[in-house]
Amino acid sequence: HPRAPCFLDPLGAAHWRVFPLAGARPLGRLWVTAGAGGRRLAPHKSEAIEQLCRDAAFDLERARAHRVDERFAARLRRITETELSIRLAAASLDLVAEARAALVCGVQGEQLRLIEVRAEDRRQEPYLYQLVPYTGSHLHAVAASDGAALVDGERWRRYSEAETLAPLWKQFQPSSVETVPIESAHRLFGGLTLFYEDRPPEAARAALDRLAQGAAGAFDRVRPERRHASSLLYLQELLRSSRGGLESVLRTVVEEVVTFMGADAGVLALIDAETGGLLLAEHSGYTTDAVVPESVSLDEPRSRSILAHVVRTGEPYVASDTERSKIYLPVDSTIRSEIAVPLRLHGETVGVVLGSSRSADFFLDEDAIRFQVFADQVAVAVDNARLLDELRRRRAQRQLGHQRRHYGFDPSVQAADVEYHFGNLVGDPRGAMGEVFRTIERVANREQDIVLILGETGTGKEMVAHALHAASPRTAKPLVATNFAALGGDPNLVESELFGHEKGAFTGAVRRRRGCFERAHESTLLIDELGDIVPSAQVKLLRVLARSSRREFQRLGGEGTVKADVRVIAATHRDLRAEVAAGRFREDLYYRLSALMIRIPALRERPEDIPLLVKHFLPRLSSGAAVGVEKGVVEALQEYAFPGNVRQLESVLLRALVMYGGGDRLSAEDIRRALEVEQSPGATLSGDLALECPLPPPSDWFWEHVHEPWKARRLPASTIRRLLERSLEETGGFYSRVATRLGVAREDYQRFLDFLKHGGLKVDHRPYRRGG
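Summary of the structure given here. (Residues numbered from 1 in each chain as written. Predicted model: local features only at pLDDT ≥ 70, side-chain atom pairs only at ≥ 80, totals over all residues. Heavy atoms only, no water.)

1. Re the packing of aromatic side chains
- Overall, the coordinates contain 13 aromatic pairs when judged by the stated rule.
- Taking the centre distance of 5.1 Å and the plane angle of 75° together, the rings of tryptophan 156 and phenylalanine 195 count as edge-to-face. Residue tryptophan 156 is found in helix α3 (residues 153–156), and its partner phenylalanine 195 is found in strand β9 (residues 188–196); the two are separated by 39 residues along the sequence. For the pair tryptophan 156 and phenylalanine 195, one class covers both residues: buried.
- Among the aromatic residues, those joined into a ring-pair cluster are Phe702, Trp703, Tyr749, Phe752 and Phe755. (Phe/Tyr/Trp six-rings, centres within 6.5 Å; stacked < 30°, edge-to-face > 60°. Helix = DSSP H or I, 4+ residues; strand = E, 2+ residues; numbered from the N terminus. Buried < 20%, exposed > 50% of the residue type's maximum accessible area, 1.4 Å probe, protein only.)

2. Structural notes on unusual backbone geometry
- Backbone geometry at tyrosine 129 places phi at a positive 70°, although glycine is not the residue there.
- Here tyrosine 129 is to be found in the loop between β5 (122–123) and β6 (131–133).
- Phi is positive for asparagine 645, which is not a glycine, with a value near 60°.
- Secondary-structure assignment places asparagine 645 in helix α20 (residues 645–660).

3. Observations concerning the environment of isoleucine 182
- Along the chain, isoleucine 182 falls in strand β8 (residues 176–183).
- The contact partners of isoleucine 182, leaving out residues within four places of it in the chain, are Leu88, Val104, Leu188, Phe189, Gly190, Gly191, Leu192, Ala212, Ala215, Ala216 and Phe219. (Contact = heavy atoms within 4.5 Å.)

4. Focus: a nonpolar patch on the surface
- Together, Leu654, Val658 and Met659 make up a nonpolar patch on the protein surface, roughly 260 Å² of accessible area in all.
- Among the secondary structure elements, leucine 654 is positioned in helix α20.
- The exposure class of leucine 654 is partly exposed, given its relative accessible area of 38%. (Patch = residues over 30% accessible without salt bridge, like charges linked within 9 Å, V, L, I, M, F, W, Y side chains within 5 Å. Areas by Shrake-Rupley, 256 points an atom, 1.4 Å probe, with all protein chains shown as cover. Salt bridge = Lys/Arg side-chain N within 4 Å of Asp/Glu carboxyl O.)

5. A look at the sheet that holds strand β10 (residues 265–271)
- The sheet built from six strands is open, its strands ordered β12-β11-β10-β15-β14-β13 with antiparallel pairing. The two strands at the open ends of the sheet, each matched to only one other strand, are β12 (295–296) and β13 (317–319).
- In this structure, β10 lies alongside strand β15 (residues 348–357), joined through six bridges in antiparallel fashion. Residue valine 267 lies in a different strand from β15, and its bridge partner there is leucine 354. (Pairing = 2+ DSSP bridges.)

Written out as structure tokens, the structure reads:
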């Protein structure tokens, strides 16, 4: 070389040679130098150095890939732990009805890291990833077994977490707090803490412990020393897919088996706990001529099935060439090699996962190690999905029991001397209600057809809808109800309520949400106050309401089609013909809905039912205590028209019994005094409590304390109007200031106005404008 690099000058090099370090990309160079008297490299030595450089380049590439892999694994581990924590907190709130907030924390040395804080179905961002001392925490006390897992709210404030979470504690004022450790046989990962409004039942606490144990198994399998980065990625995807239930997990597992092993087909088989056999839960990739059995017997010790062999031995099996394998059960003539590993959970084999290839010698013995890592994570995902399915089943059963008690199907809430029709309806079948009963009998089993229930406010449309549902083949699942009068006029909110939305579909859509059509899959959907639906949503609703229970729709902001098997019942107090004539309701939608109609008569049209309704209501209003009814009570009630119908009758009876009747006797005079309030415009009851918003207003106070109770019909419109009147007086007649005063966020202001307008609750602001 005519000129040496400057860094060779201090070495006194007269001769040199450069060998490149080249892998997938240039990595560097090796310089070999010699002095003035040095000899040239012999060819064989040059070849040896070149091979050395190639080996060094390979080692450098592997080291770099390992470092990248470690960073990737750490990042995926954090993502997966966060994903698990989000799912654990959400599942805990769904599981325990008394819980108002859920916290998931992880142990990091001598500190706790708040991974997830969830309340009111949303993440509490200000608290995330904060660190608190582990020593002195409630989790530390519980894990050391020197503290109670369930303590009252005031006592919990002594622990180290309480200072960081003080604003959350102040917001909910929990009566009790419970911390459940998330730990396996190997280590303590963290804890799950729940804020309770009321003390939960022991069954719910036991289910919570099982949920935490399942989460501990999932956390254990993402430890860095036990899992490869790519395996973590698969675990994350599987756990995400488990939200859809066991069926979607099984389908996803088989698809990932094919991708993970580079296979052509795959099978997932689970042990049936009832029969002891092996059920082929899902398979994919085999030819149409393949004969894949639904199950494989485990009783026959000489079975040629690889699946049965793996279950019996609990060890992986590789058939490099199926034609030479002694235990291969041919189901597809094109398959030449297979690999199968057990699904292991808590030391037990719960199933088998198998990959198939159409190439001989495709799978090797060393592939079993990598495949087993994947299978261990599959077992956790399947177990989590089963747990979630069980939680969903239990939640549906609790909801169904609540509906049966609330809507009168439970014999414990029925009057002994009243005849109930379809389990919960009260009325004389020879009178006006007879036609209602006969129509229910005709249409209850017609699941493909929509039923429209018409009737004035308070006549019992929701009761009839529940009776229809209970008399149909779908009675095993709870009815899902939605009320458009409570949603205001925001088209996004209406469409989201019906069809759901994707994350980011509109302002405030921070996560995916299932609509009522999806929630009512394989059940009945009651669309209450249908006449209040906004025109833009009427178009989409018309497309969904085909003459079939197989509904197809898209979530708001989504592209994929969602399918749900739903029986639809609609109800309204409005005259839909008049709404069509006024242009507020689509004519084609009306005709789609009005083929099968049930009109509920007003109470003034059925005075013969008032004695039956009195007998029905009094035991419930007196908590089961006997009430003496004096002569003239029924006659006094029959003289009144009851514009509010049965709901108003119940209110009048309660008022007469509690405020005038003394609790155990009811006279005609008590009824007349109770009716005076109904007949006198502007009259109010003594002792009527005002609804007050504290200062400073808590976030979302209006939605929690006004909107939700009104939607559930627990708060009368007069109470809301008095609240608005006081707020307008305090703020000088500006609704923007009223919204702020009642804890409504700025981005929800239009929703606030729409709710008041469409609910008929808005008060004229002009008389309250100061100086105006």
